[in-house]
Amino acid sequence: MPVITVSGKSVHIQELNKGAAETIVLVHGMFSNLSVYYFNIAPLLATKYHVVLYDLKSHGMSEKALEGYDLESMTNDLFALMEILNIKQAHLGGYSFGGLIALKMAIRFPERINKLAIIEAPDPNDDKTRGIIDEYSREFLEHYVENFTDTTKVKMGKRQMERNHRMYEYLFYQTSIKTDMELEKDFFGSPAIATIKQATLLLYGTDSNCLNAGKYLDGLIENASLIAVLGDHNIPIQQPLVIAETLLNFFQET
Amino acid sequence: MDSITTKKLSSEEIFDLMKKFITEVIGEEFVEEMDITPESSFTKDLEMDSIEIVSFSEKIKAHFGEQIDFTGWLSSMDLDQLINLNLGMIISYIEECQS
């Protein structure tokens, strides 16, 4: 398992097609891990590009961290990762919370980011987004799993449930994630978003609670285009090939 | 660390190797409670989650190297096929690649 040290912490990364001329870095969402891209999306993109996936801190196989979940810290981590991998410029894609990290990256380090693909990034001020963090409980997880499994068809077993529950408990009760996210609630209101000049693809689910966030970003980012894909917030799991092909077309467009 | 091997393995040897990888990924204490057979599915029977399947895939890639394109093979599957993936299917795939 490829693990590198970034800012003193172990980070699980996966690289595909290292020899390609251009690089795509993909960022997963909160409570998820790089596997959201690993099986379908990354292999297709890797037919043309060097693809880098990594697990965010305390997620997947990366080392736990008590703090640093605000977008400034998360983009510091990504910048440091790019430095270590000697990636001077990359296309960047992010899903859900990873989409917020990708937007912040384009704002802070525009010279390092080529094209930008934002999948289902939520408005951090949206009640439903913050509600997930505020109202967490074991019942919530079980309810979430019940509903989540309707759309993904994967039934979580007892061991998986315990594993996920431990991760949620750690993130919610031991780390600064809740307060760090609270501090980001005005992110979409920041004038900095309108400074993004990169060609930006916004991919949202037709039935997603986050679709309005996509429309909002579409109106704010000068060089953006919004594509609605059949599905809800889980479109990378529901429609991996559609997402992969749409991303590949976008990154290849001249 | 598993080294890349070019030795042709029988289906029993592949099965034993897969069991070893699964034990390394999910831990001996869980494997002891399971009856792992070629019919065991990864998500339903072995209760492996996606990041554990990533680790398992990495072990296969590290062991067989260029001989097989395991990720490429997985990427050709849709969600239903991935969910129903069992050990026997992987054994057959590896055998095919070796022949």
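Here the structure is a predicted model, which is why all the values come from computation and not from measurement.

## Quick notes on the pairing of strand S3 (residues 23–27) of chain A
Residues and elements named next belong to chain A. Taking burial as the measure, the five residues of S3 include five buried ones, the bulk of the element. Residues of S3 alternate between two faces, with Thr23, Val25 and Val27 on one and Ile24 and Leu26 on the opposite face, all of them buried. Relative to strand S4 (residues 50–54), S3 is paired through five bridges, and the arrangement is parallel. Considered in S4, the bridge of leucine 26 is made with leucine 53.

## Quick notes on helix H3 (residues 71–84) of chain A
All names here are of chain A. An ideal rise of 1.5 Å per residue puts 20 Å on 14 residues; H3 measures up with 20 Å between its terminal C-alpha atoms. What H3 keeps buried is the set Leu71, Ser73, Met74, Thr75, Leu78, Ala80, Leu81 and Met82. Elements in contact with the buried residues of H3: strand S1 (3–6), strand S2 (9–16), S3, S4, strand S5 (90–95) and helix H4 (97–108). Looking at the residues trailing H3, positive phi occurs at asparagine 86, about 60°.

## Some thoughts on the confidence of the model for chain B
Chain-level pLDDT for chain B is 87 on average; 94% of the residues reach the 70-or-more range. When the elements of chain B are averaged for pLDDT, helix H5 (residues 79–84) of chain B gives the smallest value, 80, and helix H1 (residues 11–26) of chain B the largest, 94.

## Observations concerning unusual backbone geometry
Backbone geometry places A:Asn86, a non-glycine residue, at a positive phi of 60°. The class of A:Asn86 is exposed, set by a relative accessible area of 53%. One non-glycine residue, B:Glu47, lies in the positive phi region at around 55°. Note on placement: B:Glu47 falls in the loop between helix H2 (28–31) and helix H3 (50–64).

## A few points about the interface of chain B and chain A
Counting from both sides, the interface comprises 23 residues of chain B and, opposite them, 23 residues of chain A. Here chain B meets chain A over a buried area of about 2,000 Å², counting both sides, of which 57% is carbon and sulfur. Counting the surface chain B buries against chain A, the share from its top three residues, B:Glu47, B:Ile51 and B:Val54, is 28%. The partner of A:Arg163 in a salt bridge is B:Glu52, with the nearest N and O atoms 3.6 Å apart. The tally of links from chain B across to chain A stands at five residue pairs in polar contact (both at pLDDT 80 or more). Per-element tally for the side of chain B that touches chain A: the top contributor is H3(B), with nine residues. Counted by class, the side of chain B that touches chain A contains 12 nonpolar, five polar and six charged residues.

## Some details on the sheet that holds S4(A)
All names here are of chain A. Read across the open sheet, the eight strands follow the order S1-S2-S4-S3-S5-S6-S7-S8; overall the sheet is mixed. If you trace the sheet from one side to the other, it starts and ends with S1 and strand S8 (224–229), each paired once. Taken pair by pair, the neighbouring strands of this sheet meet at an average axis angle of 25°, ignoring direction. One ladder, built from four bridges, connects S2 with S4; its direction is antiparallel. Looking across to S4, one finds that glutamate 15 is bridged to valine 52.

## Quick look at the nonpolar core
Core analysis: the biggest nonpolar cluster contains 60 residues, and A:Leu247, B:Met18, B:Ile22, B:Phe42, B:Phe56 and B:Ile90 have the highest contact counts within it. Considering each element in turn, this core owes the most residues, eight residues, to H1(B). Ignoring sequence-local partners within four residues, the contact set of B:Phe56 consists of B:Met18, B:Phe21, B:Ile22, B:Val25, B:Phe42, B:Met48, B:Phe70 and B:Ile90. Among the nonpolar cores identified, the runner-up in size contains 54 residues, and A:Met30, A:Met74, A:Leu81 and A:Ile118 belong to it.

## Notes on the pairing of strand S7 (residues 200–205) of chain A
All names here are of chain A. Within S7, six of the six residues are buried, leaving the element largely enclosed by the surrounding structure. Summarising the sheet, strand S6 (residues 113–119) and S7 pair through four bridges and their orientation is parallel. Each bridged residue has a counterpart across the sheet, and for isoleucine 119 the counterpart in S7 is leucine 203. Relative to S8, S7 runs parallel, the two being bridged by six bridges. Residue tyrosine 204 lies in a different strand from S8, and its bridge partner there is alanine 228. On the question of chirality, the crossover connecting S7 to the parallel S8 by way of helix H9 (residues 211–220) is right-handed.

## Some words on the environment of A:Met30
Of note, A:Met30 is situated in the loop between S3 and helix H1 (35–38). Residues A:Met30 and A:Tyr95 lie 65 residues apart in sequence; the distance between their C-alpha atoms is 9.0 Å.

## Details of a negative patch on the surface
All names here are of chain B. Taken together, Glu12, Asp16, Glu95 and Glu96 make up a surface patch of like negative charges. At the level of elements, H1 and helix H6 (87–98) are the ones that each hand at least two residues to the negative patch. Along the chain, aspartate 16 turns up in helix H1. Under the relative-accessibility criterion, aspartate 16 is labelled partly exposed at 46%.

Procedures and definitions
Residues numbered from 1 in each chain as written. Chains lettered and ligands numbered in written order. Predicted model: local features only at pLDDT ≥ 70, side-chain atom pairs only at ≥ 80, totals over all residues. Heavy atoms only, no water. Buried < 20%, exposed > 50% of the residue type's maximum accessible area, 1.4 Å probe, protein only. Helix = DSSP H or I, 4+ residues; strand = E, 2+ residues; numbered from the N terminus. Pairing = 2+ DSSP bridges. Expected span 1.5 Å × (residues − 1). Contact = heavy atoms within 4.5 Å. pLDDT = per-residue confidence, 0-100. Buried area = accessible area lost by both parts, 1.4 Å probe. Salt bridge = Lys/Arg side-chain N within 4 Å of Asp/Glu carboxyl O. Polar contact = N/O pair within 3.5 Å; in protein donor to acceptor, adjacent residues only side chain to side chain. Nonpolar A, V, L, I, M, F, W, Y, C, P; charged D, E, K, R; others polar. Axes fitted to C-alpha atoms, helices over the stretch in contact; angles between N-to-C directions. Core = buried A, V, L, I, M, F, W, Y, C linked by side-chain atoms within 4.5 Å. Right-handed = clockwise from strand over helix to strand, strands pointing away. Patch = residues over 30% accessible without salt bridge, like charges linked within 9 Å, V, L, I, M, F, W, Y side chains within 5 Å. Areas by Shrake-Rupley, 256 points an atom, 1.4 Å probe, with all protein chains shown as cover. Lys, Arg positive; Asp, Glu negative; His and termini not counted. Charge placed at Lys NZ, Arg CZ, Asp CG, Glu CD.

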